[in-house]
Amino acid sequence: MNGTQGTHDTQGAQDTALRGPAVWALVLTSVAGFMAALDNLVVTTALPAIRNDLGGALEDLEWTVNAYTLTFAVLLMFGAALGDRFGRRRLFMSGLAIFTGASAVAALSPGINELIAARAVQGVGAAIMMPLTLTLLTAAVPPARRGMALGIFGAVGGLAVASGPLIGGTLTEHISWQWIFWLNVPIGLALIPLARLKLTESTAPGARLDVPGTLLISGGLFGIVYGLVNANAHGWTSAPVLTSLIVGTALVGGFVVHGFRHANPMLPMRLFLGRGFLGINAASLLMYLGMFGSIFLLSQFLQGVAGYTPTQAGVRMLPWTAMPMIAAPIAGILSDRIGGRPVVATGLALQAIGLGWFATVLSADVSYAAQLPALILSGIGMGLFFAPASNILMSTVSPADQGKASGANNALREVGGALGVAVLASVFSAQGGYESPQAFTDGTVPALWIGAAAVAVAAAFALLVPGKGARKAAAPVTPAPVTSAAVTPAPALADKVPAAR
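Note that the structure is a prediction, hence the values are computed from the model and not measured. (Residues numbered from 1 in each chain as written. Predicted model: local features only at pLDDT ≥ 70, side-chain atom pairs only at ≥ 80, totals over all residues. Heavy atoms only, no water.)

## Focus: the overall build of the protein
Of the regular secondary structure elements, the protein holds 20 helices and zero strands. Across the 501 residues of the protein, 57% fall into the buried class. (Helix = DSSP H or I, 4+ residues; strand = E, 2+ residues; numbered from the N terminus. Buried < 20%, exposed > 50% of the residue type's maximum accessible area, 1.4 Å probe, protein only.)

Here is the structure:
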């Protein structure tokens, strides 16, 4: 009896231990996720240096951020389907190669247009790579250890988000802005052969690609963002702007119709008929719209108006970007006790108050001490949102739809980020500009009020989510770790498995 029991205990220990293949899968996918998430935020503190070196107007700086975010968002679910059909390890390596090569091209860019093109290709690589990180990790880790492995993966993603502005600022100040991209190259070159040797290939039989859906949403979102970005430069009633907005809206409408009628769409629109799924996704999109757009402007304000170096600006952003690493565990405990809806709604309300605080105190000579409460409030709000949001999302759909639900949520977050940069920068351009510190402040303040309003509406949408007692118990699921984006702490980065900052 004792010998038999000892044998069973040994087998149980082996089944729950992270063996060599699982450890390698955790390391490789976490590092790849770190790179993709870092690229969502690392550029923000380098924008003034990029503008000084390569030139370009405000719309060029917007595209430096949005070219990555948009391609990432619209190809995220398509990248996951490619991996399911042609091999997840193979596509993971292909995405890594594209991302790494585009990073080198971005670092070597002689002009702003070349940099924007390289950023778009980076987004393509990330969209192929990121959805497969969690699929590969989940397949390699024993079920008893998946929670721990995914927790580590999410923490690494959260670290990328928290440190993004600081890393970007430090590299920009002490070496050059090109090194925010060169940093990816040796890491990518090391990961590709290791992935070939250490990861196991897998496919999903019967996986289908929704090419029409991908083309519709890609063209539609590009048209809308292009119109918003160029509206102030060319005029809202100019032919290029009006055409792009009208055609983009029509294509997005076509994507919605396609999602209802197609047998196997990349995003089944029937999911949005549930108020919980609609509420949490609308809240996610609007939260990212307000947050990303605000960070785009505030990171430049800290350098161009407040006079901080890139490193100093990155350090001063930490109360916002790093606070979720402290608040998220507390939010998780609270959501278990009282349900996710009040925690998420409170987090969004705090984020809205934080942005409103910024708009109230901001002036050309504002002190950092006056900004600090807004940074802390915004950071706490982000942490309260991210921790319960993934669980709320998964509880609103059946287990069969959880993969597409996770992909849709991450894509909508990235779309929200791209729209946020476009919308808030458009407000900034209409009300101010780069001519002087006062002009920059005059443009930033109304843009922040728009951002605060968007996040406040997100809080209202969060209230659509059924309460703890009203939701049916869902099968246990492991949330898939994002990119941001442009700013996505641990739990959201974990969802980038559809994945996708």
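## Quick word on a nonpolar patch on the surface
A cluster of nonpolar side chains, namely Ile 326, Ile 330, Leu 334 and Ile 338, defines an oily patch on the protein surface of about 370 Å² accessible area. By the secondary structure assignment, Ile 326 is in helix 15 (residues 324–338). (Patch = residues over 30% accessible without salt bridge, like charges linked within 9 Å, V, L, I, M, F, W, Y side chains within 5 Å. Areas by Shrake-Rupley, 256 points an atom, 1.4 Å probe, with all protein chains shown as cover. Salt bridge = Lys/Arg side-chain N within 4 Å of Asp/Glu carboxyl O.)

## Comments concerning the environment of Leu 47
Residue placement: Leu 47 occurs in helix 3 (residues 47–54). Spatially, the C-alpha atom of Leu 47 lies 9.5 Å from that of Thr 172, the residues being 125 residues apart in sequence. Those residues in contact with Leu 47, other than ones at most four positions away along the chain, are Leu 61, Thr 64, Val 65, Phe 296 and Gln 300. (Contact = heavy atoms within 4.5 Å.)

## Side note on the confidence of the model for the protein
In this model, the protein carries a mean pLDDT of 79, and residues with pLDDT of at least 70 account for 86%. Across residues 1–17, confidence stays below pLDDT 50; counting only partners more than four residues off in sequence or on other chains, it has six contacts. Predicted confidence is poor over residues 471–501, with pLDDT under 50, and the contacts of this stretch with residues over four places away or in other chains come to 159 contacts. (pLDDT = per-residue confidence, 0-100.)

## Focus on the side chain of Ser 109
Residue placement: Ser 109 occurs in the loop between helix 5 (88–107) and helix 6 (112–140). The exposure class of Ser 109 is buried, given its relative accessible area of 7%. Of the polar contacts made by the side chain of Ser 109, one reaches the backbone oxygen of Ala 106; its length is 3.1 Å. A polar contact is formed between the side chain of Ser 109 and the backbone nitrogen of Leu 115, at a distance of 3.4 Å. The contacts of Ser 109, once residues within four sequence positions are left out, are Leu 54, Glu 114, Leu 115 and Ala 118. (Polar contact = N/O pair within 3.5 Å; in protein donor to acceptor, adjacent residues only side chain to side chain.)

## Here's the deal with the packing of helix 16 (residues 340–361) against helix 19 (residues 437–462)
Contact geometry for helix 16 and helix 19: axes closest at 8 Å, N-to-C directions at 170°. Relative to helix 19, helix 16 is oriented roughly antiparallel. In this structure, the crossing between helix 16 and helix 19 has a hand that is left-handed. Within the contact between the two elements, helix 16 uses Arg 341, Val 344, Ala 345, Leu 348, Ala 349, Gln 351, Ala 352, Leu 355, Gly 356, Phe 358, Ala 359 and Thr 360 and helix 19 uses Val 445, Leu 448, Trp 449, Gly 451, Ala 452, Val 455, Ala 456, Ala 458, Ala 459 and Ala 462. Class assignment of the residues belonging to the contact of helix 16 with helix 19 gives a composition of 17 nonpolar, four polar and one charged. (Axes fitted to C-alpha atoms, helices over the stretch in contact; angles between N-to-C directions. Parallel < 35°, antiparallel > 145°, perpendicular 65-115°, else oblique. Left-handed = near helix turned anticlockwise from the far one by under 90°. Nonpolar A, V, L, I, M, F, W, Y, C, P; charged D, E, K, R; others polar.)

## Let's talk about the packing of aromatic side chains
Applying the stated criterion across every chain, the model contains eight aromatic pairs. A ring pair is formed by Trp 177 and Phe 181, whose centres lie 6.3 Å apart and whose planes are at 85°; its orientation type is edge-to-face. Accessibility expressed as a relative area gives 0% for Phe 181, which makes it buried. Three or more aromatic residues joined by ring pairs form one cluster here, namely Phe 301, Phe 428 and Phe 440. In this structure, Arg 316 packs its charged tip against the face of Tyr 368, placed 5.5 Å from the ring centre. (Phe/Tyr/Trp six-rings, centres within 6.5 Å; stacked < 30°, edge-to-face > 60°. Lys NZ or Arg CZ within 6 Å of the ring centre and 35° of its normal.)

## Some remarks on helix 12 (residues 275–304)
Given a rise of 1.5 Å per residue, 30 residues ought to cover 44 Å, and the 43 Å separating the end C-alpha atoms of helix 12 matches this to within 8%. Across the 30 residues that make up helix 12, a large majority, 27, are buried. (Expected span 1.5 Å × (residues − 1).)

## Considerations on the packing of helix 15 against helix 16
Where helix 15 contacts helix 16, the axes come no closer than 7 Å and their chain directions differ by 135°. By the criterion of interaxial angle, the relationship of helix 15 to helix 16 is oblique. Along its contact with helix 15, which presents Ala 331, Leu 334, Ser 335 and Ile 338, the element helix 16 presents Gly 340, Pro 342 and Val 343. Split by residue class, the contact of helix 15 with helix 16 holds five nonpolar, two polar and no charged.

## Considering the environment of Pro 437
Turning to its location among the elements, Pro 437 is positioned in helix 19. With relative accessibility at 41%, the residue Pro 437 sits in the partly exposed group. Remark: the alpha-carbon pair of Pro 437 and Ser 363, spanning 74 residues in sequence, is separated by 8.8 Å. Each residue touching Pro 437, except ones within four places of it in the same chain, is listed here: Val 305 and Ala 364.

## What to know about the nonpolar core
Among the nonpolar cores identified, the biggest contains 139 residues, and Phe 92, Phe 296, Trp 320 and Leu 348 are the most heavily contacted of them. Looking at this core, the element that brings in the most residues is helix 12, giving 16 residues. In this structure, Phe 92 is in contact with Leu 28, Ala 32, Met 129, Leu 132, Thr 133, Leu 136, Ala 195 and Leu 199, ignoring residues within four places of it in sequence. (Core = buried A, V, L, I, M, F, W, Y, C linked by side-chain atoms within 4.5 Å.)

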